Amino acid sequence: MRLWSLLWLLGCRAAAWQSDDYWLDDAVGMGRQFDGIGAVSGGGATSRLLANYPEPYRSQILDYLFKPNFGASLQILKVEIGGDAQSTDGTEPSHMHYENDENYLRGYEWWLMKEAKKRNPFIKLIGLPWAFPGWIGRGENWPYNYPDVTAYYIISWIIGAKKYHDLDIDYIGIWNERAFNSKYIKILRYALDKQDLQRVQIIASDDLWEPITFFMLTDSELHEAVSIIGAHYPGTTTVKSAQLTQKKLWSSEDYSTFNNEEGTGCWARILNQNYVNGNMTATLAWNLVASYYEGLPFGRCGLMTAQEPWSGHYTANSPIWATAHTTQFTQPGWYYLKVDGHLEKGGSFVALTDGLGNLTIVIETMTHNHSRCIRPPLPPYVVSPQKAVFHLNGSFVSN
């Protein structure tokens, strides 16, 4: 057996005079499947400056983000489906400015996805619209008036990704932090299946847990159409209705915090506690890399900073290494162990296994003042000195 044990301790020293005991045993059954850690390139050109970096610096930055067992080793990449609209830090172009226009070479997200795939062929890809060109609403600013047209627009992007860039999109979203429409989701699922895209799973609604979960519990067709319930900035918690759906739960956008040491503490804490408190099996940071001017909204809220292509300067900020504590020691498809991951005197731990006797333990003891996130507000809490002892049972002993 290879025992991979990872200790991420910050802001609290162990006290040798007292210990708390925790038992890790895969014989009692495993918990939910781990789906990965990722990041978002979107919200309006947040990766825009990266494409202009000269070599070898551009490749070095991409390695820090995507190369397995090197830096962040990201396992999921989510990109904006450009909609010709300012969506936070700029505008990304649509692949269809108007109805009879198709161009799958516009923008840089295609290039970014291909660079991610070069480094990690197993990385999962997500597309999500932040905005839609006006023609979709037939003159009205609402994409659900003609749901078949909107589905055609989104599926064209998925097909174009494969035809022109050999990219297989794994997941598709509805509309970033805006209203969802049950009829549209059902039509999108139907249209995907008609195009032999059954493998593409739908994430909804990329906003709050509710009301999407209420609708899914009362509408069996909608429940069948949605594969992943994705919430933004859930504060490490979920709601009963989301649990009752028995669907996978993801924090499909999180972090959004300045990438200094305090922001790193935020990221490290939620990577563990999203599962411990909320049973979320994937967490995605917004944003991937701060490759936009710092004076724009949410300046330097990326896992690393690359905003000077003219000089080649970049910084592999500490959130890169907080990410590595999970991604370099686990893979999607591993399982969380069925343990209560709260430490007695504050902090948390997760234990994951591949089912073959390999084990990873990730521990964080982030204090309140070292892990405040921009959103949502963090209630005050206390972390005290402690010593934790982990006892291994089941295959972890026999192997």
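Residues numbered from 1 in each chain as written. Predicted model: local features only at pLDDT ≥ 70, side-chain atom pairs only at ≥ 80, totals over all residues. Heavy atoms only, no water.

Per an unreviewed UniProt entry, the protein chain carries the name Galactocerebrosidase and comes from Thamnophis sirtalis. Recorded under Sequence similarities (unreviewed entry), the UniProt text for the protein chain is reproduced unchanged: "Belongs to the glycosyl hydrolase 59 family." (UniProt positions renumbered as here; feature names shortened; annotations may be inferred.)

S.K.: I'd love a proper account of empty space enclosed by the protein, names of residues and values included.
M.R.: Counted according to the given criterion, the structure contains four cavities of 30 Å³ or more. One number sums up the size of the largest cavity: a volume of about 120 Å³. In terms of lining, the largest cavity is formed by 15 residues, of which the most central are G82, P93, R106, W110 and W157. Contributing elements (two or more residues each) for the lining of the largest cavity: strand 5 (76–81) and helix 2 (109–119). Broken down by element, the residue count for the lining of the largest cavity peaks at three residues, all from helix 2. A breakdown of the residues in the lining of the largest cavity according to their chemical character gives six nonpolar, five polar and four charged. (1 Å grid on protein atoms, 1.4 Å probe; cavity = no way out; pocket = protein on both sides within 12 Å on 5 of 7 lines; lining within 4 Å. Points joined across faces, edges and corners; volume = space filled by probe spheres on them. Helix = DSSP H or I, 4+ residues; strand = E, 2+ residues; numbered from the N terminus. Nonpolar A, V, L, I, M, F, W, Y, C, P; charged D, E, K, R; others polar.)

S.K.: Break down unusual backbone geometry for me, citing the residues and quoting the values.
M.R.: For the bond from E55 to P56, the omega torsion is 5°, close enough to zero to count as cis. For E177, which is not glycine, the phi torsion reads 50° and is therefore positive. Mapping E177 onto the fold places it in the loop between strand 9 (171–172) and helix 4 (182–194). By relative accessible area, E177 is classed as partly exposed at 31%. Residues other than glycine seldom take positive phi values, yet S256 does so here, at roughly 50°. Tracing the backbone through its elements, the reader meets S256 in the loop between strand 12 (248–255) and helix 8 (261–278). S256 sits in the buried class, given a relative accessible area of 0%. (Buried < 20%, exposed > 50% of the residue type's maximum accessible area, 1.4 Å probe, protein only.)

S.K.: Mind laying out the UniProt feature "domain: Glycosyl hydrolase family 59 central" (unreviewed entry) in the protein chain, listing which residues take part and the relevant values?
M.R.: Following the UniProt record, the feature "domain: Glycosyl hydrolase family 59 central" (unreviewed entry) maps to residues 336–397 here. End C-alpha to end C-alpha, residues 336–397 measures 18 Å, and it is 5% helix and 32% strand.

S.K.: Any chance you could break down the packing of helix 2 against helix 3 (residues 147–165) for me, citing the residues and the numbers?
M.R.: Running from N to C, helix 2 and helix 3 cross one another at 60°; their axes reach a closest spacing of 12 Å. Remark: the crossing between helix 2 and helix 3 carries right-handed chirality. Across the interface between the two elements, W110, M113 and K114 from helix 2 touch W157, A161 and H165 from helix 3. For the contact of helix 2 with helix 3, the per-class residue count stands at four nonpolar, one polar and one charged. (Axes fitted to C-alpha atoms, helices over the stretch in contact; angles between N-to-C directions. Left-handed = near helix turned anticlockwise from the far one by under 90°. Contact = heavy atoms within 4.5 Å.)

S.K.: Account for the nonpolar core, naming residues and giving values.
M.R.: Core analysis: the biggest nonpolar cluster contains 88 residues, and F66, L77, I172, I174, I185 and L188 have the highest contact counts within it. Broken down by element, this core gets its largest block of residues, eight residues, from helix 3. Aside from chain neighbours lying at most four places away, what touches I185 is I174, F180, I202, A204, I212, L222, A225 and V226. Among the nonpolar cores identified, the runner-up in size contains 16 residues, and I126, I203, W250 and C301 belong to it. (Core = buried A, V, L, I, M, F, W, Y, C linked by side-chain atoms within 4.5 Å.)

S.K.: How would you explain the state of the cysteines if you had to name every residue and give the values?
M.R.: Working definition: the covalent bond between the sulfur atoms of two cysteines is a disulfide. Counting across every chain of the model gives one disulfide. For C266, the disulfide goes to C373, at an S-S distance of 2.0 Å. Across the S-S bond linking C266 and C373, the dihedral sits near 105°, which makes this disulfide right-handed. Within this pair, whereas C266 is found in helix 8, its partner C373 is found in the loop between strand 18 (359–364) and strand 19 (388–393), the two being separated by 107 residues in sequence. For C266, a relative accessible area of 0% translates into the label buried. Using a relative accessible area of 14% as the deciding quantity, one classes C373 as buried. (Disulfide = S-S within 2.5 Å.)

S.K.: Explain helix 3 residue by residue, including any values.
M.R.: In this model helix 3 runs 27 Å from its N-terminal to its C-terminal C-alpha over 19 residues, within 8% of the 27 Å that 1.5 Å per residue would give. In the stretch just after helix 3, D166 is the one whose phi turns positive, near 55°. (Expected span 1.5 Å × (residues − 1).)

S.K.: Go over the pattern of salt bridges, please, and point to the residues and values.
M.R.: Under the definition given, this model contains 16 salt bridges. The residue R106 makes a salt bridge to D101 at a minimum N-O spacing of 2.9 Å. In this structure, R106 and D101 share a single accessibility class: buried. K162 is the salt-bridge partner of D168, the closest N and O atoms lying 3.3 Å from each other. (Salt bridge = Lys/Arg side-chain N within 4 Å of Asp/Glu carboxyl O.)

S.K.: Can you tell me about the layout of surface pockets, naming the residues and giving the values?
M.R.: In this structure, the largest pocket occupies an estimated 290 Å³ of space. Lining the largest pocket are 20 residues; nearest its centre among them are T236, R269, Q273, L378 and Y381. Grouping the amino acids of the lining of the largest pocket by side-chain chemistry returns ten nonpolar, seven polar and three charged.

S.K.: Requested: an account of the packing of aromatic side chains, with residues and values cited.
M.R.: How two aromatic rings sit relative to each other is given by the distance of their centres and the angle of their planes. Overall, the coordinates contain 22 aromatic pairs when judged by the stated rule. Ring geometry for Y64 and W321: centres 5.9 Å apart, planes at 85°, overall edge-to-face. Note that Y64 is positioned in helix 1 (residues 57–66) and W321 in helix 9 (residues 318–327), a separation of 257 residues in sequence. By relative accessible area, which is 35% here, W321 ends up partly exposed. When the ring of W142 is compared with that of W175, the centres are 5.5 Å apart and the planes differ by 70°; the resulting orientation is edge-to-face. Here W142, found in the loop between strand 8 (124–129) and helix 3, pairs with W175, found in the loop between strand 9 and helix 4; they are 33 residues apart in sequence, far enough to count as distant. Given a relative accessible area of 33%, W142 falls into the partly exposed group. With relative accessibility at 4%, the residue W175 sits in the buried group. (Phe/Tyr/Trp six-rings, centres within 6.5 Å; stacked < 30°, edge-to-face > 60°.)

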